[in-house]
Amino acid sequence: MKKIFLSLAALVCAVSMSAQEPTPNPVITAMPSLSIAPDARGAALGDVGVATEADFNSQYWNPAKYAYMYTKGGITANYTPWLRKLVGDIDLAYLAGFYNFGDLAGGIGASFTYFSMGKVQLTDMNGTKLQDVRPNEWALDLSYYRKLHEYVSMAVAVRFLYSDLNNGVNSSTTGGSEMHPAMTAAADISLYYRQPFELPMGTSHLAIGFSLKNLGGKMNYAEDGSSNFIPTSMNIGASYELALNKYNFLTFNLEANKMLVPTRYSKFAADQTTQRYSQDEYSAINPAKGWFQSFADAPRGSKEEFDEVRWGAGIEYSYNKQFFARVGYSYENYYKGNRNVVTFGAGFHLSIVTLDVSYCVGLAASNPLDQTMRFTLGFDLYGIKDLVNNKKK
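Below, the structure is looked at part by part.

What counts, and at which threshold
- Residues numbered from 1 in each chain as written.
- Predicted model: local features only at pLDDT ≥ 70, side-chain atom pairs only at ≥ 80, totals over all residues.
- Heavy atoms only, no water.
- Pairing = 2+ DSSP bridges.
- Helix = DSSP H or I, 4+ residues; strand = E, 2+ residues; numbered from the N terminus.
- Salt bridge = Lys/Arg side-chain N within 4 Å of Asp/Glu carboxyl O.
- Buried < 20%, exposed > 50% of the residue type's maximum accessible area, 1.4 Å probe, protein only.

## Regarding the pairing of strand 3 (residues 106–116)
Turning to step 1, where the next piece is worked out: Where strand 2 (residues 91–102) and strand 3 come together, 11 bridges link them in antiparallel fashion. What sits directly across from Tyr-99, in strand 3, is Ile-108.
Turning to step 2, where the next piece is worked out: Bridging between strand 3 and strand 6 (residues 136–149) involves 10 bridges; their strand directions are antiparallel. Its bridge partner being in strand 6, Tyr-114 is matched across the sheet by Trp-138.

Shown next as structure tokens:
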């Protein structure tokens, strides 16, 4: 069953690369589905969202943004058919919602993520086919946010994570080691700054966002003591919305993502010949130690550490805050996964309904992310309430 975990993680975390120097050293984690942008808007902008204007899916990117939503409550549903160029039955579903009590009281947000890995066939040590299972992962979280200042807000979130890679089937029956579903808890901390500027063309906005995501324990699938880090990350972004006139806006977004997870090849490994951790050595790393160690463990030094930063950039055009066109670019170093894509998207917002769609084009050869689409549908709950009340009058 460990082979199943490694193959699934590889599908999400890396594109196949040739063996050449320097050695590919991607960051591989348990529950890589938590690193997949679930919403069409963020995906269309190059996988950015920590500093963009608040929307229904802010729970994933930065819950502190909810403090600046135009409505007091809303819900959203997102769907992504994942890795369709490779398989036909892997899906990501994401539900989120929020309610704002007021500027002084703050508000709450919540979300549920479900990642279905499709059908996987189990075999024994001799390769004999046994049975089919459907591995899955899910996460449930809750956040609290509030304004600290007219232009600054903060949020904290707690999350429960669950990953079942063998669908409840104990691996001992397949000739391997005991394997069970893994679970842990994590927390997020996020900040958001958004300030308006009055220009001759209209009101523009500058925003800066910061978040630490999935600060939590490790996941243990087997009874042999091996454990895996969850996708802890640090995200920093900036957004500038430029008013062209009363109805037309252009927003420029830039974001950097650094995984706070130690890599398998490390200058701290006991075997300095290979500079690679053994499984026992890697499993023994404390989560908090791993977060700090991830800034200085790369065998090639500071250059490789910088290579671990994944960049996203996107431009959004909006007309009257109702019609949206988006384009973005997401860059990851060749030796860290090579998930380089150009993204496109469109959105429609009218009264109580928001609809977004995105599409990505892979730049690397045989990129499994190529042609990935995402769909988002959101509802303004207070808009629905007002609509119902008006009909009763």
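## Thoughts on unusual backbone geometry
Turning to step 1, where the next piece is worked out: Positive phi values are uncommon outside glycine, yet Asn-214 reaches one of about 60°.
Turning to step 2, where the next piece is worked out: The backbone of Ser-351 sits at a positive phi, close to 55°, despite the residue not being glycine.
Turning to step 3, where the next piece is worked out: Turning to its location among the elements, Ser-351 is positioned in the loop between strand 14 (341–350) and strand 15 (353–362).

## Here's the deal with the pattern of salt bridges
Turning to step 1, where the next piece is worked out: As enumerated under the stated definition, the model contains 20 salt bridges in all.
Turning to step 2, where the next piece is worked out: Where Asp-47 meets Arg-310, a salt bridge forms, and the shortest distance between an N and an O atom there is 3.6 Å. Taken as a pair, Asp-47 in the loop between helix 2 (40–44) and helix 3 (58–61) and Arg-310 in strand 12 (residues 309–319) lie far apart in primary sequence, 263 residues in all.
Turning to step 3, where the next piece is worked out: Asp-47 sits in the partly exposed class, given a relative accessible area of 23%.
Turning to step 4, where the next piece is worked out: A salt bridge links Asp-307 to Arg-300, with the shortest nitrogen-to-oxygen separation between them at 3.6 Å.
Turning to step 5, where the next piece is worked out: Arg-300 sits in the partly exposed class, given a relative accessible area of 32%.
Turning to step 6, where the next piece is worked out: Among the charged side chains, a network of salt bridges with common partners joins Lys-258, Arg-300, Lys-303, Glu-304, Glu-305, Asp-307, Glu-308 and Lys-336.

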